Amino acid sequence: MIFKTQSKKMSIKGSPAQSVQVSDELDMDTLYQDALASGYNVDQAVFEYGLLKLPRNAQTGSLHILVPGIHKQGSIASFNSMTRTLMQHQFSRPTPARYIDAHGRLQVADVDEPRLDWNVISRLSNGYLMEQGSVNLLPTSHGHIGPHTKGFTTSTSDVLHWGKVLEKPADCYGLNLHIGIIQAKKTYAYSAYVKIEDGIRPLKEHFHLHFGNKIIEDYSITFLCQGIYKIQAVCCCEDLKGYNWLGLETAESSFEYGIQILGEQLEPAEQVSSYIPTDGNIAIRMADILIVSQELPQAKQMLLELKDKPASTLQALVVFEDPQYNFIQYS
C-alpha cells in the first residue's frame, strides 16, 4: 500500500519586497464605491487583509493588483493602484460548488460564483479557492448515524446543513462501509465530516478507516465548527486480496456515543477537494477558471502556473510596468 498525504505550501513567483501597512494614499472609499456601482460584492475586511500582505512597492507603483474581496458572479476585479480604476476579469465554473465559510459551515457557491478559501481558526480569508474539476464516486453522500442513536434525531440536521441523515440499527458495528468501490493500483482521495455527541473530539482510536483491503492510519482529522471535524486521506492499494471495503467503522463495538458521518466523498485524485454532494448517482464539480483581461498579458502568463494544480488558493497577482517585478502568490 502506498500512502500519500496532502500538503499545501505557499509559493511566490517574482520579486516581491517586504510587506507594509495599507497606505493612506489608497483612496479606499472611492474604490469601494466604484466596485459597488459596478455590481461587485465587496468584502472590505478580506480585501484590506489581502493588501496588508502585499509587498511595499505593489501598493503604490503597480499597474494592477488582484487580491480577494471584490468579485461577483462571473467576474473577479483587480485595480490600478495609480489610477484607482477597476478592471474586470472573467471567472467561470459551470456547476455550483461547496466551500467552508469563516465559521466552519458548509456553503454553496452558485454557477460562476468565486469562492473564498477561509481559515476557520483565524476567520481570515486565504484567497480565492481555485480547483480542477472532480467527481464524487460515492452515489449517496448524505450521511449516517450509528452505532447508537442517542443524542441525535433522524430528521434533517439543523447543525450540519448537509441534507437527510440516515439511521442505522443501534447494534451496527460498521458505521458506513461501501463494498467494491476501490480499484487496485489507483490513487483515491477520501473525505467525510464527523460529529460525536456531547462535543467529543473524534480521535483515531475511535475509528478504523477501511481503504480497499487495508485499515489505514495515515489520515488527518481537522476541526471545523460546533463539534464537526473533517477526516481525509489519500491512498493507493497495490492489490485487493481478501476484501474491498471503504469507509469508517467504530474501533470498538462497545463505543457508546452517537456519531454522525456526513458528506462522504471518494475522488480519483491525489488530493482531497471541496465536497460534492450525491443523491443516488455520482456527481461532478467543474473546474474554476479565471481568464484575465487581454490588457494584462503578463498576468495571463502567470496564471498558467496554476492550471495544472489540482487545487490552489490564489492570494495575490501583481503586475508592474516593468515585468521583472511581476509576481503571483498562492498556496
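Residues numbered from 1 in each chain as written. Predicted model: local features only at pLDDT ≥ 70, side-chain atom pairs only at ≥ 80, totals over all residues. Heavy atoms only, no water.

1. Points about the pairing of strand E10 (residues 116-119)
Consecutive residues of a regular strand have side chains that alternate between opposite faces of the sheet.
Item 1. Both E10 and strand E11 (residues 124-131) contribute to a ladder of four bridges, which runs antiparallel. Note on E11: the bridge partner recorded for Leu 116 is Tyr 128.
Item 2. Where E10 folds back on E11, the antiparallel hairpin that results is connected by four residues, among which Arg 123 adopts a positive phi of roughly 60°. (Pairing = 2+ DSSP bridges. Helix = DSSP H or I, 4+ residues; strand = E, 2+ residues; numbered from the N terminus.)

2. Details of the pattern of salt bridges
Item 1. All chains considered together, the criterion is met by six salt bridges.
Item 2. Taking the shortest distance from any N to any O, the salt bridge between Arg 105 and Asp 101 comes out at 3.1 Å.
Item 3. Salt bridges sharing partners connect three or more residues here, namely Arg 93, Arg 115, Glu 131, Arg 285 and Asp 288. (Salt bridge = Lys/Arg side-chain N within 4 Å of Asp/Glu carboxyl O.)

3. Description of the packing of aromatic side chains
Item 1. Going through the model one piece at a time under the given rule, you end up with five aromatic pairs.
Item 2. When the centroid spacing of 6.0 Å and the interplanar angle of 75° are considered together, the rings of Tyr 32 and Phe 47 count as edge-to-face. Placement of Tyr 32 in helix H1 (residues 28-37) and of Phe 47 in helix H2 (residues 44-52) is noted, with a sequence separation of 15 residues between them.
Item 3. On the basis of an interplanar angle of 65° and a centroid distance of 6.0 Å, the ring pair of Phe 320 and Tyr 325 is categorised as edge-to-face.
Item 4. Judged by its relative accessible area of 5%, Phe 320 falls in the buried class.
Item 5. Grouping aromatic residues by their ring pairs yields a cluster made of Tyr 32, Phe 47 and Phe 79.
Item 6. Positioned above the aromatic ring of Tyr 40 is the side chain of Lys 72, whose terminal nitrogen or guanidinium carbon lies 4.6 Å from the ring centre. (Phe/Tyr/Trp six-rings, centres within 6.5 Å; stacked < 30°, edge-to-face > 60°. Buried < 20%, exposed > 50% of the residue type's maximum accessible area, 1.4 Å probe, protein only. Lys NZ or Arg CZ within 6 Å of the ring centre and 35° of its normal.)

4. So, the side chain of Arg 115
Item 1. Assignment of secondary structure puts Arg 115 in the loop between strand E9 (106-109) and E10.
Item 2. Side-chain polar atoms of Arg 115 contact the backbone oxygen of Arg 98, separated by 2.7 Å.
Item 3. Engagement of the side chain of Arg 115 in a polar contact is seen with the side chain of Glu 131, the distance being 2.9 Å.
Item 4. Apart from residues no more than four positions distant in its own chain, Arg 115 is found in contact with Arg 93, Ala 97, Arg 98, Tyr 99, Ala 109, Gly 127, Tyr 128, Leu 129, Glu 131, Ser 274, Arg 285 and Asp 288. (Polar contact = N/O pair within 3.5 Å; in protein donor to acceptor, adjacent residues only side chain to side chain. Contact = heavy atoms within 4.5 Å.)

5. Here's the deal with the nonpolar core
Note that soluble globular proteins tend to have their nonpolar side chains buried in a common cluster.
Item 1. Core analysis: the largest hydrophobic core is formed by 24 residues, its most contacted members being Leu 66, Tyr 128, Leu 290, Leu 303, Leu 314, Leu 317 and Ile 328.
Item 2. Contributions of two or more residues to this core are made by strand E7 (86-92), E10, E11, helix H4 (297-303), strand E25 (311-319) and strand E26 (327-330).
Item 3. Excluding residues within four positions of it along the chain, Leu 66 makes contact with Ile 76, Ala 77, Ser 78, His 89, Tyr 128, Leu 290, Leu 314, Gln 315, Ala 316 and Leu 317.
Item 4. If you look at the next biggest cluster of nonpolar residues, it comprises 21 residues, including Tyr 190, Leu 209, Leu 248 and Ile 261. (Core = buried A, V, L, I, M, F, W, Y, C linked by side-chain atoms within 4.5 Å.)

6. Brief notes about unusual backbone geometry
Item 1. The backbone of Asp 112 sits at a positive phi, close to 65°, despite the residue not being glycine.
Item 2. Tracing the chain through its elements places Asp 112 in the loop between E9 and E10.
Item 3. Residue class for Asp 112 comes out partly exposed when judged on its relative accessible area of 24%.
Item 4. Despite not being glycine, Lys 185 shows a phi value in the positive range, around 65°.
Item 5. Residue Lys 185 is classed as exposed on the basis of its relative accessible area, which comes to 59%.

7. A word on the state of the cysteines
Item 1. Using the criterion set out here, one finds zero disulfides in the structure.
Item 2. The structure places no disulfide on Cys 235, whose sulfur is separated from the nearest cysteine sulfur, that of Cys 237, by 4.5 Å. (Disulfide = S-S within 2.5 Å.)

8. Looking at H2
Item 1. Taken residue by residue, H2 has Val 46, Phe 47, Gly 50 and Leu 51 as its buried positions. For H2, the angular spread of buried residues about the axis comes to 135°, placing them on one side. (Arc of directions from axis to C-beta.)

9. A short note on the pairing of E26
Item 1. With burial as the criterion, each face of E26 is covered, one bearing Phe 327 and Gln 329 and the other bearing Ile 328 and Tyr 330.
Item 2. Taken together, the four bridges between E25 and E26 define a ladder with antiparallel strand orientation. Its bridge partner being in E26, Val 318 is matched across the sheet by Phe 327.

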